[in-house]
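Listed here are the chains, written in short residue letters.
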Amino acid sequence: MSEKIAFMGLGTLGTPIAANLIQDGHELTVWNRTKGKAQSLLDQGATEADSPEEAVTPGGVVISVLADDAAVEATFSKEVLERLGEGGLHISMSTIAPATARRLADQHAQYGVAYIAAPIFARPDAVSARVGNLCLSGEAAARERAQAVVQPLVKGLFDFGDEVGAANVVKLAGNYMIAASMEMMAEAFTMAEKSGIARQAIYEMFTQTLFAAPIFQNYGRMIAKNTYEPVGFKLPLGLKDLNLVLETASEVQSPMPLASMLRDRLISARAKGRDHLDWTALAQGVSDDAGL
């Protein structure tokens, strides 16, 4: 069933998600904090709004793919929630803190709006190909309505129940595991390189054998080649996520010493002027430490 959807956030993930929704027959009104990013979607039939309030339809569906907690909270103001109102549904695909998701759900409920956490595991090319994976959590009836919209966008959809912050916990856990895998590959490839073995050679062996999985194959390719562009996920956003991981771990008293090291690795990368690179560029810090 097609829906009239307000779509907010036209970054590297938001734009291909929105394009797929248009292909699925939904009527999209799009809004982005920075103007000038909507043209490709307008060419496909979307309408552009000048404000979040203008984008939403009373009782309708809103999907947001915004950069961070502050952006989501600022966008979904009292005015937006009042207009969305009773029967409205907000599907939040942003990577934010579980505590923020719970706070947003409570605020939305004051206006009769359901809030669903639906973070996605996918880089832009995987989004376009609909081979990503998505986590879902929130109130049951709202999850069912949300699932009808987002299921066609991904290869796998994983339901984590009524507790609205649960999907965000899973998303942060996954991004931490990706970062840890990147560090592991960077260290192994660098040791091989300093031992006279080509980085590409060790990459090709392991990604066809012991580590034949998309994270190792795709991120590993960039690390093996020491090539951190084009950017699928900006390095500062990686640091944002590691900070959220550690905040969440602290709340539940779960030590994560490797996460602390990865955060420092990303802080170091930012200090060295690498903000313009993909977050896989944390691997350059390993090369720095090895004198390469």
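In the block above lies the structure referred to throughout.
Conventions adopted
Residues numbered from 1 in each chain as written. Predicted model: local features only at pLDDT ≥ 70, side-chain atom pairs only at ≥ 80, totals over all residues. Heavy atoms only, no water. Pairing = 2+ DSSP bridges. Helix = DSSP H or I, 4+ residues; strand = E, 2+ residues; numbered from the N terminus. Contact = heavy atoms within 4.5 Å. Axes fitted to C-alpha atoms, helices over the stretch in contact; angles between N-to-C directions. Parallel < 35°, antiparallel > 145°, perpendicular 65-115°, else oblique. Nonpolar A, V, L, I, M, F, W, Y, C, P; charged D, E, K, R; others polar.

Caption draft 1: Geometry of the sheet that holds strand 4 (residues 61-64). Strand order in the open sheet formed by six strands is 3-2-1-4-5-6, with parallel pairing between adjacent strands. Only two strands of the sheet have a single partner each, and these edge strands are strand 3 (47-48) and strand 6 (114-117). Two elements, strand 4 and strand 5 (residues 89-92), share four bridges in a ladder whose sense is parallel. Across the sheet, residue Val61 finds its bridge partner in strand 5, namely Leu89. Sheet contacts for helix 1 (residues 14-23): strand 1 (4-8), strand 2 (27-31) and strand 4; angle to strand 1, the most-contacted strand, approximately 170°.

Caption draft 2: Looking closely at the sheet that holds strand 9 (residues 156-159). Pairing is mixed across the open sheet formed by three strands, whose spatial order is 7-8-9. Both outer strands of the open sheet, strand 7 (120-121) and strand 9, are each paired with one neighbouring strand and no more. As defined by bridge partners, strand 7 adjoins strand 8 (residues 133-136) across two bridges and the pair is classed as antiparallel. Pairing of Ile120 across the sheet is with Leu134, part of strand 8.

Caption draft 3: Molecular detail of the packing of helix 9 (residues 166-194) against helix 13 (residues 257-271). Contact geometry for helix 9 and helix 13: axes closest at 10 Å, N-to-C directions at 70°. Considered as vectors, helix 9 and helix 13 are oriented roughly perpendicular to each other. Facing helix 9, whose interface residues are Tyr176, Ala179, Ala180, Glu183 and Glu187, helix 13 presents Leu258, Ala259, Met261, Leu262 and Arg265. The class makeup of the residues in the contact of helix 9 with helix 13 is seven nonpolar, no polar and three charged.

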